[in-house]
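# Residue-level structure breakdown
Read off the chains here:
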Amino acid sequence: SKTGIGMHADALFRDERLALENKQLHEKLAEFDNARPTRMLKPELVKPSKWANRHEASFTGEDFKAIKLEIENSGGNVQPIKVRPIAGSDQYEIVFGHRRHRACLELEIDVLAIVEELSDLQLFAEMDRENRQRKDLRPYEVGVMYARALDEGLFPSAKKMSEAIGVDLGQIGKALNLARLPKEVIDCFRSPLDLQYRWSAPLSNALQKDPDLVLNRARKLQEEGGTVIAAKVLQKLIGAEDKKDADHP
């Protein structure tokens, strides 16, 4: 319209249309506020974290085979891993997703990853939080992770670790006790992944009371060989079977 009224109406409609388009664009952008960019990386350039806690058995069992098959059928890991750049190189360190990375490495395909700069403390906290959310990490593996963090001086004490990552100090203690069991004791089990949190106290108590006796029992178990279920191994180590025999001669 060439009239003043028509031109004014056109301007109003144009402004309303622009305002609506602007609102829609802002809504679309808001959807990506918490999104993190991903990229495809050569798995050979991605290294396990120095806090890595996955026992080698976690890369050979049925769970890992299922993960690997799913990634193979999907043409890659749909759920990205997370890494941080390693300063002064073209390589990356895994924050979480060690099994997904290993699967891609074995399948010889690129791995989908979120890349983010993180401090050691941030990396450890994110790794621990991810592990607890997934609930597939075994007590022994959790203990190894906590033990390494303390041994490397990332935290001055288990109490400070508890405060930093928001995990109960008692739970951290149980995990640490399992990770710090003597090798002779751990080797009695088919896999350290069989160890359970509730076994931490009886094993630790038996070792504190008479370490030589427990280690002798452990050596005897290994000499006997054979496949013994984990619960039975525990009973033998702490002398529960001896007590039963004494109670029922």
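Residues numbered from 1 in each chain as written. Predicted model: local features only at pLDDT ≥ 70, side-chain atom pairs only at ≥ 80, totals over all residues. Heavy atoms only, no water.

### As for the overall build of the chain
What counts, and what does not: Numbering of helices and strands starts at the N terminus; helices are DSSP runs of H or I of at least 4 residues and strands are runs of E of at least 2. Between two residues, a contact is recorded if the distance between any of their heavy atoms is within 4.5 Å. Residue exposure ignores everything except the shown protein chains as possible cover, and the areas themselves are Shrake-Rupley values with a 1.4 Å probe.
Broken down by element type, the chain carries 12 helices and five strands. Once local pairs closer than 6 in sequence are excluded, the contacts in the chain between residues at least 24 apart make up 72%. Accessible area for the chain stands at about 15,200 Å²; split by element, carbon and sulfur atoms hold 52% of it.

### Focus on the pattern of salt bridges
Formally: The salt bridge criterion pairs a side-chain nitrogen of Lys or Arg with a carboxyl oxygen of Asp or Glu, the two atoms within 4 Å.
One pass over the full model with this rule turns up 12 salt bridges. Between E163 and K160 there is a salt bridge, with its nearest N and O atoms 3.9 Å apart. Of this pair, E163 and K160 both sit in helix α6 (residues 158–165), separated by three residues, roughly a single helical turn. If you follow the salt bridges from partner to partner, you end up with K50, R84, E93 and D120 in one network.

### Points about the packing of helix α10 (residues 211–224) against helix α11 (residues 230–238)
Heads up, the condition is: Note on method: axes are straight lines fitted to C-alpha atoms, helices fitted across the in-contact stretch only, with angles between N-to-C directions ranging 0 to 180 degrees. With respect to orientation, any angle under 35 degrees is reported as roughly parallel, any angle over 145 as roughly antiparallel, any angle of 65 to 115 as roughly perpendicular, and every other angle as oblique. Note that Gly is not counted as nonpolar here; it falls among the polar residues with everything else outside the nonpolar set of Ala, Val, Leu, Ile, Met, Phe, Trp, Tyr, Cys and Pro and the charged set of Asp, Glu, Lys and Arg.
Look at α10 against α11: their axes get within 8 Å of each other, and the N-to-C directions meet at 135°. On the basis of their axis angle, the class for α10 and α11 is oblique. Facing V214, R217, A218 and L221 of α10, the residues of α11 in contact are V233, K236, L237 and I238. Split by residue class, the contact of α10 with α11 holds six nonpolar, no polar and two charged.

### Observations concerning the packing of helix α2 (residues 62–74) against helix α3 (residues 98–107)
Each pair of packed helices gets described by two things: the angle between the helix axes and the distance between those axes. Our working definition: Two helices that cross are described as forming a left-handed crossing if the nearer one is turned anticlockwise from the farther one by less than a right angle, and a right-handed crossing if clockwise.
Close contact between α2 and α3 brings their axes to 9 Å; oriented N to C, the two are set at 60°. As judged from the angle between their axes, α2 and α3 are oblique. Between α2 and α3 lies a crossing whose hand is right-handed. Packed against α2, whose contacting residues are D63, F64, I67, K68, I71 and E72, the element α3 presents R99, R100, R102, A103, C104, E106 and L107 at the interface. Residue composition of the contact of α2 with α3, by class: six nonpolar, no polar and seven charged.

### Some remarks on the nonpolar core
For clarity, the cut-off: What is meant by a nonpolar core is a set of buried Ala, Val, Leu, Ile, Met, Phe, Trp, Tyr and Cys residues, joined one to another through side-chain atoms within 4.5 Å. Think of it in three bands: residues with accessible area under 20% of the maximum for their type are buried, residues over 50% are exposed, and the middle band is partly exposed, with areas taken using a 1.4 Å probe on protein chains only.
Ranked by internal contacts, the top residues of the largest apolar core, which has 44 residues, are F124, Y146, M161, V185, F189 and L237. Considering each element in turn, this core owes the most residues, eight residues, to helix α5 (residues 139–151). Once residues lying within four places of it in the same chain are set aside, the contact partners of M161 are F124, Y146, A149, L150, F155, G166 and I172. Ranked by size, the runner-up nonpolar core spans 15 residues in total, among them F64, I81, Y92 and I94.

### A word on the packing of aromatic side chains
The line we're drawing: When two rings of Phe, Tyr or Trp (its six-membered ring) have centres within 6.5 Å they constitute a pair, described as stacked for plane angles under 30 degrees, edge-to-face for angles over 60, and tilted for the intermediate range. By the criterion adopted, a ring carries a charge over it if an Arg CZ or a Lys NZ lies within 6 Å of its centre and within 35 degrees of its normal.
The final tally for this structure, using the stated rule, is five aromatic pairs. An angle of 65° between the planes, with centres 5.3 Å apart, marks the rings of F124 and F155 as edge-to-face. Note that F124 is positioned in helix α4 (residues 120–134) and F155 in the loop between α5 and α6, a separation of 31 residues in sequence. The burial state of F124 is the same as that of F155; both residues are buried. Here the aromatic cluster, defined as three or more aromatic residues joined through ring pairs, consists of W51, F124, Y146 and F155. Residue placement shows R102 over the ring face of F59; its charged tip is 4.0 Å from the ring centre.

### Some thoughts on the confidence of the model for the chain
For clarity, the cut-off: One number per residue, pLDDT, summarises how confident the predictor is, and it ranges from 0 to 100.
The predicted model of the chain has a mean per-residue pLDDT of 84, with 80% of residues at 70 or higher. For residues 29–35, every residue scores under 50 in pLDDT, and the model assigns this stretch zero contacts once sequence neighbours within four places are set aside. Per-residue pLDDT stays below 50 along residues 244–249; that stretch engages in one contact with residues further than four places along the chain or on separate chains.

### A short note on unusual backbone geometry
Even without glycine at this site, E108 takes up a positive phi of about 60°. According to the relative accessible area criterion, E108 is exposed, its value standing at 68%.

### Description of α5
Rule in force here: The span you would expect from a helix comes to 1.5 Å times its residue count less one.
The end-to-end C-alpha distance of α5 is 18 Å, a good match for the 18 Å that 13 residues give at a rise of 1.5 Å each. Counting buried positions along α5 yields 11 of 13 residues, so the element is predominantly enclosed. By the burial criterion, the buried members of α5 are P139, Y140, E141, V142, G143, V144, M145, Y146, A147, A149 and L150.

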